[in-house]
Every structure is written in C-alpha cells, then in structure tokens.
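Per-entry structural report
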Amino acid sequence: MSEPRESGDPTPPRKAAEHQKDPPQKEAAAVAAADFETAIDAAGFGMFNILLLVAAVPAAMGTVYETSTMSYILPSAECDLKLSLLDKGILNAITYAGMISSAVMWGYLADTKGRKNLLIVGYAADTICVLGGALSQNRIQLIIFKYLGGFCMSGPFAVLMTYLTELHGRKHRQRIMMMVGIMFSIATLTLPGLAMLILPETWNVRIWNFSLTSWQFFVAITALPSLLSFVLFFFFPESPKFLMSKGRNQEALAAFKFMYHLNSRKPKDSFPIKVLANEVIVPVKKHAKEETPPTEEKPPTECDVVQDPESQDSKKSSLRSGFTQLRPLFTKPYLSLSLWVYLLNFCVLLGQNTMRLWLPQLFASINEYENLMSGKSQSTSICNILEYSVNRTQRQLEAVTRNDPMVECHVNITPSTYTNNLIVAAAGLVAYMLAGFLVNLVGVKRIMTSGLFIAACCSIGMYWSSSAVSTVALASLFVTMGSISATSVISASVNLFPTSLRTMIVSLEMMFGRLGSLLGNIFFPALMGLGCVPPFLMISLFMLAGCIMATFLPLKNKAALK
C-alpha cells in the first residue's frame, strides 16, 4: 500500500500542478506586454542615438539648403540666366510652391508607408532635383527643378522631426528637439561659408553641351547632404511607433532589440521586453462590439493576422479618419481660433522668409556699391543701395538681351560679399541657443509679441539706415527676432489645441506660412521697382499685424516652449 503511494501517486499531482501553473504564466506574459513608451525606455540612450543624431546633421542641412540656396546664387547667376528682379523673386519663392502642392500627399504617405521609406525616397529624389538644377542652362529649367525640389523635400522636412522623436524616450525627447533646432541653425551658418569659398571663383567648364560656372558647382555641392542622408538612413530601422500602429510588432521588437544592442553592447536576446502591446487603432463599427476582446490577445506572431483584414479598407479608413480629424476645425469652438493661428503664421513667415531670402542680394549690392563709391562722400543708405540694385539689374538684363559686344554683363562677387550673411546667420544661431532660456523666463506670448514688434521696427528702420554697419545690425536683429517668433507661433498653436488636432493644425499652419513666403518673395521685387519704402513697409506691416494678432491669443504667459 505504501509503495504505490510513493511511486505512482505523487507524480500525477505534480504534473497536474504544472498544468495548472502554465495558464497563469501565459496570462502573466500577456499582461506583461509592453507599450511603446516602456519599450523605448528599455532600449536606453547611447551609441544608436548618437549615430542617429550624426545622420540627422546632413538631413537638416539638406532641408535648409533646398529652401535657401537660390538666394545666394542670384547675384552670381543674373548674367548667365538673364534674370530680372521678378525672376529673382520667383526663384526664391518657387520652392515653397512645390512644398505646398505636395504637403497632403507626403502626409498620407508618411502615415501609410512609413517614416524611413519616406526619408530615403525623399532625399534621393531631392538629390536628383538639385543636380538637375545645377545643370540648368536657363531660368525656366532652374525654376522647374527648384519646384520639383520643393515638391520632394516637403516630405522629409516634416517627417525628420517625427522620426527623431519616435526613436527617443520621453526623458530625452525635449533635448533632442533643441539639438535639431541647433542643427538647422548650423546648416544656415554653413551656407554663406560655402558661398564665400565657391561663388567668387571664375570657373567656366564645358562638358558636352553644358556650360558650368561657379554658381552651378555651388548648387551641385549643396546636393551632397541629401545624397549622404539617402545613404545613411538605409542603416537605421523603421520607427517602432509606426510599426506598432500598423500591428507589425515583430518588426518593431526587432527594431527595439537593435537599438538596445547598440546602446548597451549586450546581445539582442537579452532585451528585457519579449512581447509588445497591440497598439493598432481599430475603428469601432456598429453591431461589431463583440469583436473588441480579441485585441487583448497580443502575441507578436499574430500581429500580421490582425492587420490583414484591416488593410483591405486601409485607404477608406485613413481617408475617413482624415475627414473626422478635420471636422472639429470647422466647428464653433476651434474654427475662429484655427483661422487666427493660420493668419498669424502667414504674416510671420511672409515677413521672416522674404527678408531672409533677399538679404544676400541686398548685401551683394551693398558690397558692390561701397567698392564703386570708395573714396567718394556718397552715403550707403538703403535707398541708394536699392536704387543702384534696381538700375543695375535692368542694365545687366538689357546688356544680355541686346547681345551688344560693346555692352558687357559683368558680375562682381568677392568673399566679402557674403561676410554680412555670415554675421546674420551667426546671430541667429546664438539667439536660438538663448531662446529656450528666454521663453521659460518671460513666456511664449510675451516673447512672440515683443519679437514681432522689434522685427517690425527693424524692417521700417532700414529706411533710415545710412551705413552698411547699421543695415547689417538691423537685419541681424530682424532675422533673430523673426526666427524666435516663428518658433513661438508653432509652440503656441500646440498649446492651444487638444492632442488629437495638433498634428493637423501644425500641418495647415505651415502650409499657410509657406504661402506667405511664396507671395512675399514675389511682391518684394515688384515693390522694389516703386521705391525704397514700399518693400520694407510691406514687411513691417505684416510683422506688426502678426504682433497685434499674437496679443489676442488666449495663451498664458507662463506657457513655455514645448
């Protein structure tokens, strides 16, 4: 009796106990499924993040170069391309036209095809467009390639920020955004430095039927950051946040393991999180409420199965969700406020980007005028400069179109032509580094209104500028205050609207801002022909209008930039 109890009886209870323990263990594993924030925190911060920030430097440079390159080549290319003042304005503005026309398309692709793929395709396409612009032999070809460049760059410009935030944990996210801002400022600083080295050269190389001068080499070199970004992003994973939102948890887990491996130098299998939560947003249908419980089953092997039935209606559901997201913006609580914010950003970016993109042309005219009038008692007031610039552009255009050998179209570019641009860019970099401290000290609303008011005063103050030094000082202060105010407008709009509307608000806000940049760069040269007061008065009035609108924003001064 005792032997059977020892040999036979104890084993079944032990097995039964093991069987009873298995289901709770599976349930515990299911409960332990980590959401995105938990997983990204577990991946840590280290070598992966440093390499990502290094790759982001050429990406930021590529986006800045696409919008700003034309403003530096206008003084050099006016003879080769037979540019009038209006042509110069169109070349400055056409990139923004491309960005506006493709904004909706890139937004849709970013949410359906992924961040990494969009960055790779966008930077590859931009490289081709920039090189096409470098080979352009007339202004029509250059305008077409600049439009296509803006069309292609609109996607990477917006997605770069999203991609970087989604690959960093909450602890480091704010700091990363500050780093990105500094990258953009450094990129703005490198452009006049590059112009100083290349544009004064008198190169003229013929390859087949193409004639290549220094400004074309300059444009070609600005394609290098986009080309480098295209190559570097191949080595980085897709955003785990995007993958989890699409139900591709296996791929998201592999991305987290890759990040963890580089950051901790430990094997990928030692990543503490084994199962990710299901973060797929399934639209709730009528008569289908019983289908919600299966979403609690979160094994990563079944994520693709969950995604398949959903992908059949992905286009319809994304379009429907887009319209439902837009609907609150056209209803009473947010309609007037959203229109107010759009108009505010329109005014701010019209003034900021018009002045910023025309400064290289103005400084080139100042430098040439000073060399021409050296030893004479003629004042270098902005009115004299503008009158000289308008008349000179007309003479150059007539010289090229007449093909008269006695009248030569001559370009006088020296390294000192771009020294003033370097000073303005450096002032902008210093101001951006101080912006975080200033905003936290005085608040978004105060710094926005005071910045716009100072910028408006600087713009109209240029009318009374009687020397190159005072013009550079006023321009530096204008660009500095304008850039801080433009950043504050975006920050304010984020704080004014609920989370569900923020992305759409910022997208529409930037579209209106680019429209302002487009119109400002076309109106400015047209007003230059009327005299020296109208162009600066236009910028001053728009900045002043922005200042007045900013004072009526329902925003607390203690709100800091986020």
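Look up: the structure comes first, before these words.
Bear in mind the structure is a predicted one, so any value in this text is a computation, not a measurement. (Residues numbered from 1 in each chain as written. Predicted model: local features only at pLDDT ≥ 70, side-chain atom pairs only at ≥ 80, totals over all residues. Heavy atoms only, no water.)

**Observations regarding the overall build of the protein chain**
Looking only at helices and strands, one finds 21 helices and two strands in the protein chain. A burial count over the protein chain gives 48% of its 562 residues as buried. Expressed as a percentage of contacts within the protein chain between residues at least 6 apart in sequence, the contacts between residues at least 24 apart total 81%. For the protein chain, the exposed area adds up to about 27,200 Å²; of that, 65% sits on carbon and sulfur atoms. (Helix = DSSP H or I, 4+ residues; strand = E, 2+ residues; numbered from the N terminus. Buried < 20%, exposed > 50% of the residue type's maximum accessible area, 1.4 Å probe, protein only. Contact = heavy atoms within 4.5 Å. Areas by Shrake-Rupley, 256 points an atom, 1.4 Å probe, with all protein chains shown as cover.)

**Focus on the side chain of Gln352**
Note on placement: Gln352 falls in helix 15 (residues 332-372). When near neighbours in sequence (up to four residues on either side) are disregarded, Gln352 contacts Phe478, Val479, Gly482, Ser483 and Met543.

**Things to note about the environment of Ile460**
By the element assignment, Ile460 lies in helix 18 (residues 444-461). By relative accessible area, Ile460 is classed as partly exposed at 23%. Considering only alpha carbons, one finds Ile460 and Phe536, 76 residues apart in sequence, at a separation of 5.6 Å.

**Considering the environment of Ser211**
Along the chain, the position of Ser211 falls in strand 2 (residues 210-213). The spacing of Ser211 and Gln137 is 74 residues in sequence and 7.4 Å in space, taken between C-alpha atoms. Beyond its immediate stretch of four places on either side in the chain, Ser211 contacts Gln137, Asn204, Val205, Arg206 and Gln216. Within the structure, the side chain of Ser211 is placed 3.2 Å from the side chain of Asn204, a separation counted as a polar contact. (Polar contact = N/O pair within 3.5 Å; in protein donor to acceptor, adjacent residues only side chain to side chain.)

**Details of unusual backbone geometry**
In this structure, Lys82 is a non-glycine residue whose phi angle is positive, near 55 degrees. Along the chain, Lys82 falls in the loop between helix 4 (47-77) and helix 5 (85-112). Even without being glycine, Arg265 reaches a positive phi, approximately 60 degrees. Residue position: Arg265 is located in the loop between helix 12 (249-264) and helix 13 (303-311). Classification of Arg265 by relative accessible area gives exposed; the value is 63%.

**Thoughts on the packing of helix 3 (residues 36-43) against helix 12**
Axis separation between helix 3 and helix 12 bottoms out at 8 Å; the angle between their running directions is 25 degrees. Classified by the angle between their axes, helix 3 and helix 12 sit roughly parallel to one another. Across from Phe36, Ala39, Ile40, Ala42 and Ala43 in helix 3, the residues of helix 12 making contact are Phe256, Met259, Tyr260 and Asn263. Considered class by class, the residues forming the contact of helix 3 with helix 12 number eight nonpolar, one polar and no charged. (Axes fitted to C-alpha atoms, helices over the stretch in contact; angles between N-to-C directions. Parallel < 35°, antiparallel > 145°, perpendicular 65-115°, else oblique. Nonpolar A, V, L, I, M, F, W, Y, C, P; charged D, E, K, R; others polar.)

**What to know about the state of the cysteines**
Per the counting criterion, the structure on display carries zero disulfides. Cys152 supplies the cysteine sulfur nearest to Cys129, a cysteine that is in no disulfide, at a spacing of 3.9 Å. On the basis of relative accessible area, Cys129 is assigned to the buried category, the value being 9%. (Disulfide = S-S within 2.5 Å.)

**Describing the nonpolar core**
If you look at the biggest cluster of nonpolar residues, it comprises 74 residues, and the most contacted ones within it are Ile73, Leu199, Phe218, Phe233 and Phe256. The element contributing the most residues to this core is helix 4, with 15 residues. Apart from the residues within four sequence positions on either side, Leu199 is in contact with Tyr72, Ile73, Ser76, Ser214, Trp215, Phe218, Ile413 and Tyr418. (Core = buried A, V, L, I, M, F, W, Y, C linked by side-chain atoms within 4.5 Å.)

**Examining the packing of helix 4 against helix 10 (residues 224-232)**
Running from amino to carboxyl end, helix 4 crosses helix 10 at an angle of 140 degrees, the nearest separation of the two axes being 8 Å. Between helix 4 and helix 10, the angle falls in the class oblique. The hand of the helix 4/helix 10 crossing is left-handed. For the pair formed by helix 4 and helix 10, the contact residues are Ala55, Pro58, Ala59, Met61, Gly62 and Tyr65 on the first element and Pro225, Ser226, Leu228, Ser229 and Leu232 on the second. (Left-handed = near helix turned anticlockwise from the far one by under 90°.)

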